[in-house]
Amino acid sequence: MEPKKNNSEFIPTYEKRFLHPRYWGAWLGVFAFAGIALTPPAFRDPLLGKLGRLAGRLGKSARRRAQINLLYCFPEKSEQQREAIIDDMYATAPQAMVLMAELALRKEKKVQDRILWQGKEIIDEMRLNNEKVILLVPHGWGVDIPAMLMASQGQQVAAMFHNQGNPVFDYVWNKVRLRFGGRLHPRNDGIKPFIHSIRNGYWGYYLPDQDHGPEQSEFVDFFGTYKATLPAVGRLMKVCKARVVPLFPVYDSKTHCLTVHVRPPMDDLLTADDCTIARRMNEEVEKLVEPNPEQYTWLLKLLKTRKPGETEPYRRRELYPKKK
């Protein structure tokens, strides 16, 4: 699947090869997700939580990454506390993703009763004033849902993304993301198409916590450790003449509601240097994630890039060695 050539916008396209038997397993997973998304949340959330916890115990490599991330980021917590966060993270993951599937299948009004906004007046005022906005959104399990909700209410969003390894999942996932409109730009097309969309009135959806290597990153504090952080959002806001607004979705399996937390605009970045911008980005991630750490995707290689002479955490065999 290739992005549309004339504007580098990605358009998910169905292909006949998706019917090949090699993809039947993927389609089975898609239909299973769709089926459970149409069941009442009070029924599905306990079931999904148990399945997620089980998957978290079976996926040893991903769990080890989460264990190492939490060990570095929360050294003050006991191992039992960190393991509890990981279990809760794996329980939250399918619950939030199935809510996204429900939003894709039902009319948005059927889901909106279970969506709460804290700080929505911030984005409402910006929309009323027709301002250009970049939303700073940490990697959470419900990360795509706020963008879909805003698009359903008329505010189109543009985001950059990586393709999924499985082309069926890639097609379905991106089709869902664009159900109410918006734009997706492949990361390998560079930043210019994303900038173009923001300048044309789309709100940018920027994920600040990916590791982009040491070349243009700043080493700044991140929870209880440090992280190579790309201060690109400071440049983006100047080039696009946009304001940066931090945002994070939190799913509650007890109430079956998703709360979207919106924080005040980061207008102080306009005059800040790169090191300050990078630290402020991480600071906002900390403020959004720390109250609900189970909502964050701790299984990513968040801390891959280290300072010269320091071993990458995930290569340290003494950390959470495999049990015989």
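Quick look at the structure, then. It should be emphasised that the depicted structure is a prediction, and the values quoted were computed from it without experimental measurement. (Residues numbered from 1 in each chain as written. Predicted model: local features only at pLDDT ≥ 70, side-chain atom pairs only at ≥ 80, totals over all residues. Heavy atoms only, no water.)

### Examining unusual backbone geometry
Step number 1: One non-glycine residue with positive phi stands out, namely Asn130, at about 55°.
Step number 2: Inspection of the secondary structure assignment puts Asn130 in the loop between helix H6 (120-128) and strand E2 (133-136).
Step number 3: Within the chain, Tyr320 stands out as a residue other than glycine whose phi angle is a positive 50°.
Step number 4: Counting through the fold element by element, Tyr320 comes out in the segment after helix H11 (274-289).
Step number 5: Judged by its relative accessible area of 19%, Tyr320 falls in the buried class. (Helix = DSSP H or I, 4+ residues; strand = E, 2+ residues; numbered from the N terminus. Buried < 20%, exposed > 50% of the residue type's maximum accessible area, 1.4 Å probe, protein only.)

### Looking at the packing of helix H4 (residues 79-105) against helix H7 (residues 145-152)
Step number 1: Where H4 meets H7, the axes come as close as 10 Å, and the angle between the chain directions of the two elements is 20°. Taken as axis vectors, H4 and H7 run roughly parallel relative to one another. Relative to H7, H4 is oriented so that their crossing is left-handed. On H7, the residues touching Ala96, Leu99, Met100, Leu103 and Ala104 of H4 are Ile145, Met148 and Leu149. (Axes fitted to C-alpha atoms, helices over the stretch in contact; angles between N-to-C directions. Parallel < 35°, antiparallel > 145°, perpendicular 65-115°, else oblique. Left-handed = near helix turned anticlockwise from the far one by under 90°. Contact = heavy atoms within 4.5 Å.)

### Let's talk about the side chain of Ser217
Step number 1: Among the secondary structure elements, Ser217 is positioned in the loop between strand E5 (203-206) and strand E6 (218-222).
Step number 2: Residue Ser217 is classed as buried on the basis of its relative accessible area, which comes to 11%.

### Concerning the pairing of strand E4 (residues 183-186)
Step number 1: Burial along E4 is two-sided: Arg183 and His185 facing one way and Leu184 and Pro186 facing the other are all buried.
Step number 2: Relative to E4, strand E3 (residues 157-161) runs parallel, the two being bridged by 4 bridges. In the strand pairing of E4, Ala159 is matched with Leu184. (Pairing = 2+ DSSP bridges.)

### Points about the sheet that holds E5
Step number 1: If you walk across this open sheet you meet the 7 strands as E1-E9-E8-E2-E5-E3-E4, and the pairing is mixed. Each having just a single partner strand, strand E1 (115-118) and E4 make up the two edges of the open sheet. Direction aside, neighbouring strands of the sheet carry axes that sit 25° apart on average.
Step number 2: Two elements, E3 and E5, share 3 bridges in a ladder whose sense is parallel. Bridge pairing in E5 links Val157 to Trp203.
Step number 3: Across the face of the sheet, H6 comes into contact with E1, E2, E5, strand E8 (243-252) and strand E9 (257-262) while running at roughly 140° to E8.

### Structural notes on the pattern of salt bridges
Pairs can form between side chains of opposite charge once their charged atoms are near each other.
Step number 1: Evaluated as defined, the whole model comprises 21 salt bridges.
Step number 2: A salt bridge links Glu284 to Arg263; the nearest nitrogen and oxygen atoms lie 2.5 Å apart. Of this pair, Glu284 sits in helix H11 while Arg263 sits in the loop between E9 and H11, and the two are 21 residues apart along the sequence.
Step number 3: The class of Glu284 is buried, set by a relative accessible area of 2%.
Step number 4: We classify Arg263 as partly exposed; its relative accessible area is 24%.
Step number 5: We note a salt bridge from Glu318 to Arg316, for which the minimum N-O separation is 2.6 Å.
Step number 6: Three or more residues joined by partner-sharing salt bridges are found here, namely Arg263, Asp268, Arg280, Glu283 and Glu284. (Salt bridge = Lys/Arg side-chain N within 4 Å of Asp/Glu carboxyl O.)

### Observations regarding the nonpolar core
Step number 1: Trp117, Leu135, Met150, Tyr205, Leu247 and Trp298 are the most contacted members of the largest nonpolar core, which has 74 residues in total.
Step number 2: The dominant element in this core, judged by the number of residues it contributes, is H4, at 10 residues.
Step number 3: Sequence-distant contacts of Leu247, defined by excluding residues within four places in its chain, comprise Trp117, Leu135, Leu136, Val137, Pro138, Pro146, Met150, Tyr205, Val260, His261, Val262 and Leu288.
Step number 4: Tyr202, Ala232, Leu269 and Ile277 belong to the second largest nonpolar core, which has 22 residues in total. (Core = buried A, V, L, I, M, F, W, Y, C linked by side-chain atoms within 4.5 Å.)

### Quick look at H11
Spacing of three or four residues puts side chains on the same side of an α-helix, whose turn is 3.6 residues.
Step number 1: Along its 16 residues, H11 runs 23 Å from first to last C-alpha, staying within 8% of the 22 Å computed at 1.5 Å per residue.
Step number 2: Along H11, the residues classified as buried are Ile277, Ala278, Arg280, Met281, Asn282, Glu284, Val285, Glu286, Leu288 and Val289. (Expected span 1.5 Å × (residues − 1).)

### Observations regarding the packing of H4 against helix H8 (residues 167-177)
Step number 1: Where H4 meets H8, the closest approach of the two axes is 9 Å, and the angle between their N-to-C directions is 65°. Between H4 and H8, the angle is such that the two are roughly perpendicular. In this structure, H4 crosses over H8, and the sense of that crossing is left-handed. On H8, the residues touching Met97, Met100 and Ala104 of H4 are Trp173, Val176 and Arg177.
Step number 2: The residue inventory of the contact of H4 with H8, partitioned by class, reads 5 nonpolar, no polar and 1 charged. (Nonpolar A, V, L, I, M, F, W, Y, C, P; charged D, E, K, R; others polar.)

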